[in-house]
Amino acid sequence: MKKKNDLLSEYKKKRNFTKTKEPKGEKVKIKKIKSPIFVIQKHDASHLHYDFRLEINGVLKSWAIPKGPSTNPNDKRLAIETEDHPMEYAKFEGTIPEGEYGAGTVMVWDIGSYKNIRKKPIEECYEEGEIEVWLEGKKLEGGFVLFKTKFRGSKNSWIYKKMIDEKANARRNPVKTENKSALTNRTMHEIEKGDK
Ligand code: MN
């Protein structure tokens, strides 16, 4: 694992903070965690995707899920690991300007706390490439699993999947039917307009 101060170096390298309003990520925020948070940001970049982020070790570990999360345990969703994001990013909503890294509109699609279901520290689960968490979000609830896979030989590929429990629901399609911000109740269009 990288040193704590280095965790955000890739995040900072990719961005020009004189142009984007995204958080600068000055600090890795370690706090005594009672309930760590998760966030899912809908990101209308060159390809629309959903960024799933989990608070681990004072940063937001991040995965881009092209198809977004599903509440159907039969659906396996590809999740590409991306750079760690600062904690403040969890509440970032807005439009990253054209020409900048990740240009496009960002919505806080879901946010809440999570519990690690496995009997070892979440940092270890992450290092081993097998995470099981119970989400308490506004849209998503229940157990979800994230495990590393060798999809197309990539080192950053994981699979994201709903676990079978009382919160599983094959008939729901939240990505399609629940498309307003969990923070501000705005649509993508309203967030985009709000920035101009
Ligand atoms: Mn993204």
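See the structure above.
On to the packing of aromatic side chains. The description of two aromatic rings rests on the distance between their centres and on the angle between their planes. Applying the stated criterion across every chain yields a total of eleven aromatic pairs. Between Phe38 and Phe52, the aromatic rings sit 6.3 Å apart at their centres with planes inclined by 35°, giving tilted as the arrangement. One end of the pair, Phe38, is in strand E1 (residues 37-44); the other, Phe52, is in strand E2 (residues 48-56), with 14 residues separating them in the sequence. Residue Phe38 is classed as buried on the basis of its relative accessible area, which comes to 0%. Residue classification places Phe52 among the buried positions, given a relative accessible area of 1%. Aromatic pair Tyr89 and Phe92: ring centres 5.2 Å apart, planes at 40°, arrangement tilted. The exposure class assigned to Tyr89 is buried, which follows from its relative accessible area of 2%. Taken together, the ring pairs in this structure connect Phe38, Phe52, Trp63, Tyr126, Phe144, Trp158 and Tyr160 into an aromatic cluster.

The next point concerns the pattern of salt bridges. Scanning the model with the defined rule gives twelve salt bridges in all. A salt bridge links Arg53 to Asp51, with the nearest nitrogen and oxygen atoms 3.5 Å apart. Here the two residues Arg53 and Asp51 agree in accessibility, since each one is buried. Asp84 is paired through a salt bridge with Lys61; the nearest N and O atoms lie 3.0 Å apart.

This paragraph deals with the nonpolar core. With 26 residues, the main nonpolar core has Phe52, Leu54, Trp63, Ile131, Leu135 and Tyr160 as its most contacted residues. Among the elements that take part in this core, E2 stands out by supplying four residues, more than any other. One finds Leu8, Val28, Met87 and Tyr89 within the second-largest nonpolar core, a separate group that totals 16 residues.

How each quantity is defined
Residues numbered from 1 in each chain as written. Predicted model: local features only at pLDDT ≥ 70, side-chain atom pairs only at ≥ 80, totals over all residues. Heavy atoms only, no water. Phe/Tyr/Trp six-rings, centres within 6.5 Å; stacked < 30°, edge-to-face > 60°. Helix = DSSP H or I, 4+ residues; strand = E, 2+ residues; numbered from the N terminus. Buried < 20%, exposed > 50% of the residue type's maximum accessible area, 1.4 Å probe, protein only. Salt bridge = Lys/Arg side-chain N within 4 Å of Asp/Glu carboxyl O. Core = buried A, V, L, I, M, F, W, Y, C linked by side-chain atoms within 4.5 Å.

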